[in-house]
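Coordinate inspection notes
Single-letter residue listing:
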Amino acid sequence: MSSKTGLLSMCRKAGRMVMGMDMVKDACSTGAAKAVFTASDFSPKSLKEIRFVCCRYGVKLYALGLTMDEIAEGVGKRSGAVAITDAGFARSCAKGLEEIKIDENEFFG
């Protein structure tokens, strides 16, 4: 298990993680999500949708660098997107990851 999957596992056990597209979108819209992380094998269509949601609600988005299967190894559930609802955990998870830049002109141009 990598340090990232270990950290995700801790977030899940602490109840500070939301998984799955609809739950992540809800967490962004309510302001609960501090950061969103996507799997490397997330579909382009789903990624575009999550980028739109993050752009709309001002949530930072990161490429996790793990596949959905690797995420499942750490947290016990296969998911392409996870939202962290704790600022400290979100910062720790984001450390060393590339933030996915979102051009709002793409959506609101």
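For the structure itself, consult the block above.
Computed from a predicted model, the values in this text were never measured in an experiment.

What follows is about the nonpolar core. Of all hydrophobic cores here, the largest spans 37 residues; its most connected members are Leu8, Val36, Phe37 and Ile84. The contacts of isoleucine 84, once residues within four sequence positions are left out, are Leu8, Cys11, Arg16, Met17, Ala32, Ala33, Lys34, Ala35, Phe37, Phe89, Ala90 and Cys93.

Here the focus is the state of the cysteines. Evaluation of the coordinates by the stated rule reveals zero disulfides. Lacking any disulfide linkage, cysteine 11 is separated from the closest cysteine sulfur, that of cysteine 93, by 4.1 Å. Given the relative accessible area of 0%, cysteine 11 is considered buried. With no disulfide partner, cysteine 55 has as its closest neighbouring cysteine sulfur the one in cysteine 54, 8.8 Å distant.

This part takes up the side chain of serine 79. Here serine 79 is to be found in the loop between helix H4 (68-75) and strand S4 (81-84). For serine 79, the side chain forms a polar contact with the main-chain nitrogen of glycine 20, separated by 3.2 Å. For serine 79, the side chain forms a polar contact with the main-chain oxygen of alanine 81, separated by 2.8 Å. Beyond its immediate sequence surroundings of up to four residues, serine 79 is in contact with Met19, Gly20, Ala39, Met68 and Ile71.

This brings us to the sheet that holds strand S2 (residues 35-38). The mixed open sheet is built from five strands, whose spatial order is S1-S4-S2-S3-S5. Pairing within the sheet leaves two strands with one partner each, and these edge strands are strand S1 (17-19) and strand S5 (98-99). Examined bridge by bridge, S2 and S4 share four bridges and lie antiparallel to one another. Across the sheet, the residue bridging to alanine 35 is isoleucine 84, located in S4. Sheet strands in contact with helix H2 (residues 21-30) are S1, S2 and S4, and its direction is about 130° off that of S1.

The rules behind each value
- Position numbers for residues start from 1 in each chain and track the written sequence from start to end.
- Local features in this predicted model are restricted to residues whose pLDDT is 70 or higher, and side-chain atom pairs enter the listing and the counts only when it is 80 or higher, whereas totals over whole chains, interfaces and linings include all residues.
- Water and hydrogen atoms were dropped before computing side-chain values, which therefore reflect all heavy atoms in the structure.
- By convention a nonpolar core is built from buried Ala, Val, Leu, Ile, Met, Phe, Trp, Tyr and Cys residues, the set being connected through side-chain atoms within 4.5 Å.
- Here the term buried applies to any residue with accessible area under 20% of the maximum for its type, exposed to any over 50%, and partly exposed to those in between, with areas from a 1.4 Å probe on protein chains only.
- Note on contacts: a residue pair qualifies if any of its non-hydrogen atoms lie within 4.5 Å across the two residues.
- By disulfide we mean two sulfur atoms from cysteines, separated by a distance within 2.5 Å.
- In this description a helix means any DSSP run of H or I spanning at least four residues, a strand means any run of E spanning at least two, and both kinds are numbered starting from the N terminus.
- Two N or O atoms count as a polar contact when they lie within 3.5 Å, although within protein this holds only if one can serve as hydrogen donor and the other as acceptor, and sequence-adjacent residues are included solely when both atoms are side-chain atoms.
- Strands qualify as paired when DSSP identifies two bridges or more between them.
- Helix axes are fitted to C-alpha atoms over the stretch in contact, other axes to C-alpha atoms as well, and angles between N-to-C directions run from 0 to 180 degrees.

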